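As a plain string of letters, each chain reads:
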Amino acid sequence: MSDIKTYGNLVWSVADLLRGHFGQAEYGRIVLPFVVMRRLDCLLAPAVEATKAEADTLPADIDPEDKRMLLLDVVSQEIGEDVNVYNSSGLTFEIIRGQDPAQLAPNLVTYLAGFPEDVREIFEEHFGFLETVKKLGDKDILWQVFEKFCQIDLAPQEVTNIEMGYIFEDLIRRFSEVSNETAGEHFTPREVVQLIVKLLIDADDEKLSRPGVVRHVYDPACGTGGMLAYTEQELKGFNPNIIVELFGQEMRGESYGICKSDMLI
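Throughout, a residue's number is its position along its own chain's written sequence, starting from 1. Under the rules for a predicted model, residues below a pLDDT of 70 receive no local features and side-chain atom pairs below 80 are neither given nor counted, while totals for whole chains, interfaces and linings still include all residues. As a rule here, side-chain values cover all heavy atoms of the structure and leave hydrogens and water aside.

> Describe the state of the cysteines, naming the residues involved and giving the relevant values.
Disulfide assignment relies on a single distance test, namely cysteine sulfur atoms paired within 2.5 Å. Evaluated as defined, the whole model comprises zero disulfides. Free cysteine: C150, not disulfide-bonded; nearest cysteine sulfur from C42 at 9.2 Å. Classification of C150 by relative accessible area gives buried; the value is 6%. Between C222, a free cysteine, and C259, which holds the nearest cysteine sulfur, the sulfur-to-sulfur gap is 4.0 Å. Relative accessibility decides the category of a residue: with a 1.4 Å probe and only protein chains considered, values under 20% of the type maximum give buried, values over 50% give exposed, and everything between is partly exposed.

Now the structure itself:
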């Protein structure tokens, strides 16, 4: 189990760089997309060379879905597990870090363009990431913020999806407090999630252990997806071979973006 508070503190320290340049209510909208992008970067870094090499061999008029399946297959082989996301830019945070700092903004744009369309949608539409990059560049602190995230290891081997959910909840709570919002509007306390899930599956444990079981889980106000992830974990605790399909909806763009990226991983 990773030290959630330590990771939270590391990410929270980025807010110190924003102080005096942005209002406290803006901290979360700036920091959270970088957390998500760094998480994806740590996941995909081992496959970056192979993914770029495969992408360069594909014809320009290839069907987008065919391209997606081919590149996902390459990534899955390289990292040893099935994933639903790739990056074909040939860049990683570490590679970008070693290049000219003056080219950081264009490099981040190129890096973002290497993701499939559904991932780009998360950053462009729900996080407003390109606008954030421009604002940080205008304030002359883009490199400092980027450098800070390069020092935080969010690889799945170090931080599980459940632990990543804890980190997001901790950050959302902190950002809510500094902007005078109610944290409970953005996430459900972990103890409440555990109780709800226990009540949900407690009477169904015998059926859950049978072979070929499929369960659909729907959260109509899923936030960052913590309840969905925890429910899947508990269901697979009963039956490792159970098929769990997760569904949710969320009105807040940032929370939706976090949840969707977590589900992709």
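> Give a detailed account of the side chain of N239, specifying residues and quantitative values.
Strands here mean DSSP runs of E at least two residues long; helices mean DSSP runs of H or I at least four residues long; both are numbered from the N terminus. Positionally, N239 belongs in the loop between α14 (226-238) and β2 (243-248). Note on N239: relative accessible area 7%, which makes it buried. Among the polar contacts listed, one links the side chain of N239 to the backbone oxygen of R210, at a separation of 3.0 Å. Note on definitions: a residue-residue contact is assigned when non-hydrogen atoms from the two residues lie within 4.5 Å. With near-sequence residues (within four places) excluded, N239 lies in contact with L208, S209, R210 and V213. N or O atoms within 3.5 Å of each other form a polar contact, as long as, within protein, one can give a hydrogen and the other can take it, and as long as residues adjacent in sequence are counted only when both atoms are side-chain atoms.

> So what about the packing of aromatic side chains? Which residues, and what values?
Between 30 and 60 degrees the pair is tilted, below 30 it is stacked and above 60 it is edge-to-face, where a pair is any two Phe, Tyr or Trp rings, Trp via its six-membered ring, whose centres lie within 6.5 Å. Under the counting rule described, the total for this entry stands at nine aromatic pairs. Taken together, a centroid distance of 5.4 Å and an interplanar angle of 10° make the contact between F34 and F149 stacked. Taken as a pair, F34 in helix α3 (residues 27-44) and F149 in helix α10 (residues 142-150) lie far apart in primary sequence, 115 residues in all. Consider the rings of F123 and F127, whose centres lie 5.7 Å apart with planes at 55°: the pair is tilted. These aromatic residues form a ring-pair network of at least three members: F34, F93, Y111, F115, F123, F127, F129, W143, F146 and F149. Whether a charge sits over a ring depends on NZ of Lys or CZ of Arg being within 6 Å of the ring centre and within 35 degrees of the ring normal. Against the face of F22 rests K139, its NZ or CZ located 5.9 Å from the ring centre.

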